[in-house]
Structure formats: structure tokens, C-alpha cells
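Architecture and fold: a report
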Amino acid sequence: QKEVEQDPGPLSVPEGAIVSLNCTYSNSAFQYFMWYRQYSRKGPELLMYTYSSGNKEDGRFTAQVDKSSKYISLFIRDSQPSDSATYLCAMSVGSSNTGKLIFGQGTTLQVKP
Amino acid sequence: DVKVTQSSRYLVKRTGEKVFLECVQDMDHENMFWYRQDPGLGLRLIYFSYDVKMKEKGDIPEGYSVSREKKERFSLILESASTNQTSMYLCASSLVRAGANVLTFGAGSRLTVL
């Protein structure tokens, strides 16, 4: 079993839809949770990060962590064609400089105009 | 903006060749990483370095080595390339932000080994 599981999709939605992207994990020691966005033929870029449980909002994006269920989500409101990309969740145990990130395999999202 | 620059975007090499992938970051980050990204497998950590001349093995170091002679530069070396090393290679550097180890990635180097 992988430490972090993420449905690879692809997920196709119409413009304006609310998108929900999810990851589950098995290591209860994870404390730091991140979402990266990767456009085609580019490297991943950080979207959001959260510590422990709770919600965090940034514009149209909301990250949610439920540690009791070992489940994290990224919601995208009013999705746009420019949101079409692969979304990777990542998480780590510690806060040290060498805190190793474990990535999900990524979910490919397509937002159709 | 932090920049992580990977010198080669696309490379085609033959089995048995020695391959160098170069990565430079311009924000004085202590930590640097090499990942490979494959469909269905996601990102897998090959090696990382938390200081000049220091290196640590990641999850899949076999067939690779690294060099970090200067803080800003981290090189990945394939001593004898094989077809199963055909992949996208991503370099990253990091700082710790509010306790989280936040990685900044380069654009990637797509290597094909024939």
C-alpha cells in the first residue's frame, strides 16, 4: 500500500464547476500537507500548504485536512480552463529542513469552456 | 521569485552513456533534491542534499549519483544510462516556511535512453 493515494483521473468538468480533489494517506505522523499544480511540460508549483487539521482558503482554492480520517481535499470554486493541470498532493512528517515530502501520483484535471 | 534552472529540457542518450543533469538555484537555499516522475508512479525521490558536499539517498538511488560542490548547484549523474531510466527528472530546492518544507521545482529534464 502506498503511503499517499490519489486518484489519477482524468477528471473533466465544465467551466464554472466546483472541483474536489482528494488524497488519502496511511501515516498518522504526517503534519504538513501541500498541494502542487503542474501544467503540461512544466515543473510543479506550490498552490497551498497547511499544518495539521483544518481549512485554509486562498481565492478560489480551499484546502481541507481531516487527520482523523487521514484525508485531505482541495476545492476549486468557479473553475476556469486555466485550472486545467495535474494536481499533486504532498505531505511530510517533520518541520526540519530535510523533512521528506511524500507525493501522491497526481490527478489530471481538465476544465472545458 | 525563486528560480530553479535545469540546463537541459530534452535529452536523448544511448544505453551505456554517462549522463549529467545540471540544476542551479538562485535563492541561497540550503536543500536541493532530485526526483523522477513517471506516469502512474508520481514523484520519487532519488537523492537530496542539505549542504555543500553533503548528500543523502532517497527512495530510488540505484543507478544514480549526485554532486554538490557549490551551494547553488546540484548535479545528477547517470554513470551508465539504461532504458529504464527514461523519465522526467525534476530538480527542486527548498526553504522551511512556517515549519513546512516548501519545494520550488525546475521545469524538468525529459531524458530518453535508447
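Here the structure is shown first, and the text comes after it.
Residues numbered from 1 in each chain as written. Chains lettered and ligands numbered in written order. Predicted model: local features only at pLDDT ≥ 70, side-chain atom pairs only at ≥ 80, totals over all residues. Heavy atoms only, no water.

**Overview of the nonpolar core**
Formed by 25 residues in total, the largest nonpolar core has its most connected members in Val4, Trp35, Ile72, Leu74, Tyr87 and Met91 of chain A. Within the residue set of this core, elements represented by two or more residues are strand 3 (19-25), strand 4 (32-38), strand 5 (45-51), strand 7 (61-66), strand 8 (71-76), strand 9 (85-92) and strand 11 (107-112) of chain A. Once residues lying within four places of it in the same chain are set aside, the contact partners of Val4 of chain A are Cys23, Thr24, Tyr25, Phe30, Cys89, Met91, Ile102, Phe103 and Gly104 of chain A. The next biggest cluster of nonpolar side chains, apart from the first, holds 20 residues, and it includes Val4, Cys23, Ala81 and Tyr89 of chain B. (Core = buried A, V, L, I, M, F, W, Y, C linked by side-chain atoms within 4.5 Å. Buried < 20%, exposed > 50% of the residue type's maximum accessible area, 1.4 Å probe, protein only. Helix = DSSP H or I, 4+ residues; strand = E, 2+ residues; numbered from the N terminus. Contact = heavy atoms within 4.5 Å.)

**A word on the state of the cysteines**
All names here are of chain A. One pass over the full model with this rule turns up two disulfides over all chains. Disulfide pairing places Cys23 opposite Cys89 at an S-S distance of 2.0 Å. Between Cys23 and Cys89, the S-S dihedral sits near -105°, and the bridge is therefore left-handed. In this pair, Cys23 sits in strand 3 while Cys89 sits in strand 9, placing the two residues 66 residues apart along the sequence. Look at Cys23 and you get buried, because its relative accessible area is 1%. (Disulfide = S-S within 2.5 Å.)

**Describing the packing of aromatic side chains**
Residue and element names in this part refer to chain A. What the rule picks out here adds up to eleven aromatic pairs over all chains. Ring plane angle 45° and centroid distance 5.0 Å describe the contact between Tyr32 and Tyr51, whose orientation is recorded as tilted. One end of the pair, Tyr32, is in strand 4; the other, Tyr51, is in strand 5, and 19 residues separate them in sequence. A residue is classified by how much of its surface remains accessible, and Tyr51, at 46% relative accessible area, is partly exposed. (Phe/Tyr/Trp six-rings, centres within 6.5 Å; stacked < 30°, edge-to-face > 60°.)

**Re the sheet that holds strand 3 of chain A**
Residues and elements named next belong to chain A. As summarised here, the arrangement of the five strands in space is 1-3-8-7-6, forming an open sheet in which the pairing is antiparallel. Edge positions in the sheet fall to strand 1 (4-6) and strand 6 (54-58), since each of these pairs with one other strand and no more. Ignoring which end each strand starts from, the neighbouring axes of this sheet average 15° apart. In the sheet, strand 3 pairs with strand 8 via six bridges, with the strands oriented antiparallel. The partner of Ser20 across the bridge, within strand 8, is Phe75. (Pairing = 2+ DSSP bridges. Axes fitted to C-alpha atoms, helices over the stretch in contact; angles between N-to-C directions.)

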